[in-house]
Amino acid sequence: RKEVEQDPGPFNVPEGATVAFNCTYSNSASQSFFWYRQDCRKEPKLLMSVYSSGNEDGRFTAQLNRASQYISLLIRDSKLSDSATYLCVVNTGFQKLVFGTGTRLLVSP
Amino acid sequence: NAGVTQTPKFRVLKTGQSMTLLCAQDMNHEYMYWYRQDPGMGLRLIHYSVGEGTTAKGEVPDGYNVSRLKKQNFLLGLESAAPSQTSVYFCASSLGRRGGQPQYFGPGTRLTVL
């Protein structure tokens, strides 16, 4: 089983739609969780950290479910500029991050 | 504040040639990392460093060497390039003082080995 698993997509949604991605992780001792965004042929960029209580940043909401070992990302009111690959990232200790292979989102007019 | 920078941006090598990729960060981060990214495989850790003068192996270290002589720089060397090392290489850094710090990435180096 992979340490971090994501549905590769693509998720095709119209502008203004709400879309959600889930990500599961296998190591119950994982300490920290992040969502990164990666545009085609660019570097991954930190989108948001994921806290136990859940957190929101504008149109983006991240949730953590430790009991079921998954994290989620919800994007409301999708914009064309949200089209990208979203990477689920888990810290398993020792300052090493494990990256999922990403979920591709395509937002169309 | 440039963040994390990488040189070169692109490079084409012939099998057996050597080269060094340079990563520099101006955020005073303790930890630095080298990853490779291949289609369908996500980011894989090659080597990392938890401070000046220290290095450690990651998930896929074979064929690569690293050095961290200065806190702000992390070098990745390929002694004898092979076609299997064709990839996009990303450097990253993080504060590293306590657990759970995110990493910040450079723009990447696209390497082709013929």
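The model shown is predicted, which means the values in this text are computed figures rather than measured ones.

1. Brief notes about the nonpolar core
- Counting residues in hydrophobic clusters, the biggest one holds 24 residues, and the most contacted among them are A:Phe21, A:Trp35, A:Ile71, A:Leu73, A:Ile75, A:Tyr86 and A:Leu105.
- Setting aside chain neighbours within four positions, we find A:Leu73 in contact with A:Val19, A:Ala20, A:Phe21, A:Trp35, A:Leu47, A:Met48, A:Phe60, A:Thr61 and A:Tyr86.

2. Notes on the packing of aromatic side chains
- Scanning the model with the defined rule gives 13 aromatic pairs over all chains in all.
- Pairing A:Phe99 with B:Tyr35 gives two aromatic rings, centres 5.4 Å apart and planes at 80 degrees, and the pair type is edge-to-face. Note that A:Phe99 is positioned in strand 10 (residues 97-99) and B:Tyr35 in strand 4 (residues 31-38), a pairing that runs across two chains. Taken as a pair, A:Phe99 and B:Tyr35 share a single burial class, namely buried.
- With a centroid separation of 5.9 Å and 65 degrees between ring planes, the pair formed by B:Tyr64 and B:Tyr89 is classed as edge-to-face. Of this pair, B:Tyr64 sits in strand 7 (residues 64-67) while B:Tyr89 sits in strand 9 (residues 87-94), and the two are 25 residues apart along the sequence.
- By relative accessible area, B:Tyr64 is classed as buried at 9%.
- Among the aromatic residues, those joined into a ring-pair cluster are A:Phe34, A:Tyr36, A:Phe99, B:Tyr33, B:Tyr35, B:Tyr48, B:Phe90 and B:Phe105.

3. Observations concerning the state of the cysteines
All names here are of chain B.
- Enumeration over the complete set of coordinates arrives at 2 disulfides over all chains.
- A sulfur-sulfur distance of 1.9 Å marks the disulfide that ties Cys23 to Cys91. Taking the sign of the torsion about the S-S bond as the criterion, the disulfide between Cys23 and Cys91, at about -75 degrees, is left-handed. On the criterion of sequence distance, the pair formed by Cys23 in strand 3 (residues 19-25) and Cys91 in strand 9 is long-range, its members being 68 residues apart. When sorted by exposure, Cys23 lands in the same class as Cys91, which is buried.

Cut-off values and rules
- Counting restarts for each chain, with residues numbered from 1 along the sequence as it is written.
- All chains are assigned letters beginning with A, and all ligands numbers beginning with 1, in the order in which they are written.
- Reporting of local features is limited, given that this is a predicted model, to residues whose pLDDT is at least 70; pairs of side-chain atoms are given and counted only at 80 or more, and all residues count toward the totals for whole chains, interfaces and linings.
- Just so you know, side-chain values use all the structure's heavy atoms and leave hydrogens and water out.
- Among the buried residues, those of types Ala, Val, Leu, Ile, Met, Phe, Trp, Tyr and Cys that are joined through side-chain atoms within 4.5 Å form a nonpolar core.
- Only protein chains enter the area calculation, which uses a 1.4 Å probe; residues under 20% of their type maximum are buried, those over 50% are exposed, and those in between are partly exposed.
- By the convention used here, residues are in contact when the closest approach between their heavy atoms is within 4.5 Å.
- Classification of ring pairs uses Phe, Tyr and Trp, with its six-membered ring standing for Trp, and accepts pairs whose centres are within 6.5 Å; under 30 degrees between planes counts as stacked, over 60 as edge-to-face, and the remaining range as tilted.
- A run of H or I in DSSP counts as a helix once it spans at least four residues, and a run of E counts as a strand once it spans at least two, with each numbered from the N terminus.
- Here, two cysteine sulfur atoms that lie within 2.5 Å of each other are counted as a disulfide.

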